[in-house]
Structures are given as structure tokens and as C-alpha cells.
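# Structure at a glance
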Amino acid sequence: MDIPAAIADQINEALNAAHNILLISHRNPDPDTIGTSAALRRVLEQRGKKVTSYCVDQLPVTARFLPVFEEFVTHASPDDFDTFVSVDAGSTSQAAYPLLYPEVLDGSKTFINIDHHPSNAMYGTINLVISDAASTTAIMYNLLNHWGERITPEISTCLLYGLYFDTGSFMHSNTNEEVYDLAAKLLLHGADRELIIKNLFKSHTVGQLKLWGKVLSGVELTDKNVVVSAVTKNDISECNANREDLSGVIDYLSSVPESQFATLLCEDSGGEVRGSLRTRRENVNVSEIAKSLGGGGHTKASGFAIQGELKKEERWTISEL
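These remarks concern the structure in this document. (Residues numbered from 1 in each chain as written. Predicted model: local features only at pLDDT ≥ 70, side-chain atom pairs only at ≥ 80, totals over all residues. Heavy atoms only, no water.)

### Notes on the overall build of the protein
Of the regular secondary structure elements, the protein holds 12 helices and 12 strands. In summary, the protein has a C-alpha radius of gyration of 20 Å against a globular reference of 20 Å for 321 residues, a match within 12%. Expressed along its principal axes, the backbone C-alpha trace of the protein runs to roughly 80 × 40 × 35 Å. By residue count, 50% of the 321 residues in the protein fall in the buried class. Element-wise, carbon and sulfur atoms account for 49% of the exposed surface of the protein, whose accessible area totals about 15500 Å². Considering the protein, the positive charge centre built from 27 side chains and the negative charge centre built from 42 side chains are found 4 Å apart. (Helix = DSSP H or I, 4+ residues; strand = E, 2+ residues; numbered from the N terminus. Rg over C-alpha atoms; globule rule 2.2 N^0.38 Å. Buried < 20%, exposed > 50% of the residue type's maximum accessible area, 1.4 Å probe, protein only. Areas by Shrake-Rupley, 256 points an atom, 1.4 Å probe, with all protein chains shown as cover. Lys, Arg positive; Asp, Glu negative; His and termini not counted. Charge placed at Lys NZ, Arg CZ, Asp CG, Glu CD.)

Structure follows, in C-alpha cells:
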């Protein structure tokens, strides 16, 4: 991966000049945004900086093994910071924080935007967006190398956590020689692969399994060959689960051979319906679908959020005997 040296140096200079830094992970956080934020936090702490990790939503339980898990906050005043860094957030809507505090983008303070989504809106005062990178953690690894930072086993684990997830355990089409090379380097730096696998794929609560059961039992294939399922707030409550417990289940929905793409809809407590889109088709771009609904993401994996609630309609027809 080629990191633009001028932009990498500009980011480094801005971070060196900063005193209080807010790292912003995108809403409904996944391992890529969490891992990137966690790795950068440790590097900045090594430099003696005061750093706060922020996400508008709670982190999923799959991130509980990371030492930074308890360090994330869901509220932070912009007055407390001179520099902001969003990671893996393709839009201000995904980052959420700029929607709550639009003044952070007025140019009076540095706002660094680091991402790999092709749909990124370039909303920062400094933008580092590499759309052919497999993950934002991959970008962060190359940034740290460019800066000559010491990559510890903890930092390596955070970076591999994001890479492992965004490549679908090295099964997605974005997995290439560069991805395997990076994974090998992270392992040499001491990344704990077994710990990542255990927490991503081998740790499920009873509530999560029940919720997945509701998702799978509600699957439908439309006449347009779209796989659809949905869960309501009541479904989540009945399972004694939370919205984050849905992570990973859409990969099963997208495995239906004849489907064009899969859609998973979920109500949240804030009055929104969040949609996840996945496809295995080379001729389908779900990011375009997501963008038409105010969201965004990757060609094969995207999402959106719409104000409202889920309502199921059932239609009856009478056929001749």
C-alpha cells in the first residue's frame, strides 16, 4: 500500500502539535473502527498525549478483550479538545459526532479523517482515504511504519482484529497478497490471533444465539431475489440481548446462492431502523443502495439508518381451486 507521504507527515505534525485529542469511532462500531482507534490511542499515549476514545454507541462484547474497552466514552464536549480524529467513518452521519457538534468542522480546529470507504465524503481538514485498502487498520499500520513508531503486541492485536473482521476472516474479495503479508507482519509483532478468533467467533451468549434464531427464522427471499430479515426492539428485549449481538449473522443471510444481496433490518432505542447490506455478487454494488438511503460503505458491505420503526405487512391472495 502506498501511503501519501505528504499527508502522512501532515497528520503526524498535527498530532505532535496537539494536546487533547478525541478519537472518533463510527456508530454501531465494528472491529475495524475499534481496532484502529485503539492502536492509534496507544501510539499517542506513548508520545505523552492526552487521548479520549469516543463512540456514540456502546462497543460490542466482542471487543471486551481489548485493554481499551473500558476507556471508550459515549459523551465528550468539543470544548475539551484541540484535535479530532475520525477513523473508518465514511461520512459525518457515520461518525455521528460532527452531527452533534457541527462546529468541529468549521476549520477552527484540526479534524483528521482516516478511512478506506470509497464513499468517504472527505469532510476533514486533513483527509487520508485509501479506498483500495482492505481495512482502516491496514492504513494505520502503514502510517505507524511511516512514522517509525514502535508496534507493540497490543497494538498489533488491535490492528489484526480490524483486518481479520473487514476481510471476513480472509474470505472476502478484498483479501489479497498484501493482506496476507500484513497479517504475517502483525503476527511477527506479537498479535494474539487466537484471542481475536475466540472473541469474534467462539464466544456467544444465550441471548445472542436466541436473537440469531429470530433473524434466521424470519428470513424471506423476495421475488427480486433479495434475502431479508428483521428484528424489532421487542425481539431484542425478549432474547435478553442487545443490537450489537447481531454482529456476524448477516454473513449467513448473504450465503443464499440465488440471492442478489442480503438485508438485515433492526430497530434501535433511538427511534431509528438500521439496515445492513451484504452481497457476494460481483455485479452488485450495495454501497449505491445504501447511499440512496442516506448511508454508505463498501461495494460488498454497506449500511444505512432511517428514522422510524418496523412494521410487517402480510398480504393474502385467493387462488382458484
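### Some points on the sheet that holds strand β5 (residues 110–115)
Strand order in the open sheet formed by six strands is β3-β2-β1-β4-β5-β6, and the pairing between neighbours is parallel. Across the chains shown, the open sheet's two edge strands, defined by having one partner strand only, are β3 (72–73) and β6 (126–129). Relative to strand β4 (residues 83–87), strand β1 (residues 20–25) runs parallel, the two sharing five bridges. Note that in β4 the partner of I21 across the bridge is T83. Where helix α1 (residues 5–17) meets the sheet, its contacts fall on β1, β4, β5 and β6, and the angle it forms with β6 comes to roughly 130 degrees. (Pairing = 2+ DSSP bridges. Contact = heavy atoms within 4.5 Å. Axes fitted to C-alpha atoms, helices over the stretch in contact; angles between N-to-C directions.)

### What about the pattern of salt bridges?
One pass over the full model with this rule turns up 19 salt bridges. The closest approach of N and O atoms between R41 and E71, which form a salt bridge, is 3.1 Å. Of this pair, R41 sits in helix α2 (residues 31–46) while E71 sits in the loop between β2 (50–54) and β3, and the two are 30 residues apart along the sequence. Classification of R41 by relative accessible area gives buried; the value is 9%. Between K214 and D235 there is a salt bridge whose closest N-O contact spans 4.0 Å. You can see K214 sitting in helix α9 (residues 206–217) and its partner D235 sitting in helix α10 (residues 233–238), a full 21 residues away along the chain. Look at K214 and you get partly exposed, because its relative accessible area is 29%. One salt-bridge network, held together by shared partners, links R27, D57, R243, E244, D268, E272 and R274. (Salt bridge = Lys/Arg side-chain N within 4 Å of Asp/Glu carboxyl O.)

### A few points about the sheet that holds strand β10 (residues 272–278)
Hydrogen bonds between backbone atoms are what pair the strands of a sheet, whose relative direction is either parallel or antiparallel. Across the sheet, which stays open at both edges, the six strands sit in the order β7-β8-β9-β10-β12-β11 with mixed pairing between neighbours. Every interior strand has two partners, whereas the edge strands, β7 (220–221) and β11 (296–297), have only one. Inspection of the sheet shows strand β8 (residues 226–231) paired to strand β9 (residues 261–267) by six bridges, in the parallel sense. Paired with V227 across the two strands is A262, which belongs to β9. Sitting on the sheet, α9 is in contact with β8 and β9, with an inclination near 135 degrees to β8.

### Here's the deal with the nonpolar core
For soluble globular proteins, nonpolar side chains are generally found buried alongside one another. Ranked by internal contacts, the top residues of the largest apolar core, which has 56 residues, are L15, V85, I114 and L163. Residues in contact with L163, not counting those within four places in the same chain, are A134, S135, T137, F170, V179, L182, A183 and L186. Counting residues in each nonpolar core, the second largest holds 15 residues, with V227, I236, I250 and C266 among its members. (Core = buried A, V, L, I, M, F, W, Y, C linked by side-chain atoms within 4.5 Å.)

### Observations concerning α2
For α2, with 16 residues, the first-to-last C-alpha span of 22 Å sits near the 22 Å given by 1.5 Å per residue. Most of α2 sits out of view: 14 of its 16 residues are buried. G48 sits one or two residues past α2 and shows a positive phi near 85 degrees. (Expected span 1.5 Å × (residues − 1).)

Keep in mind these numbers describe shape, not what the thing actually does.
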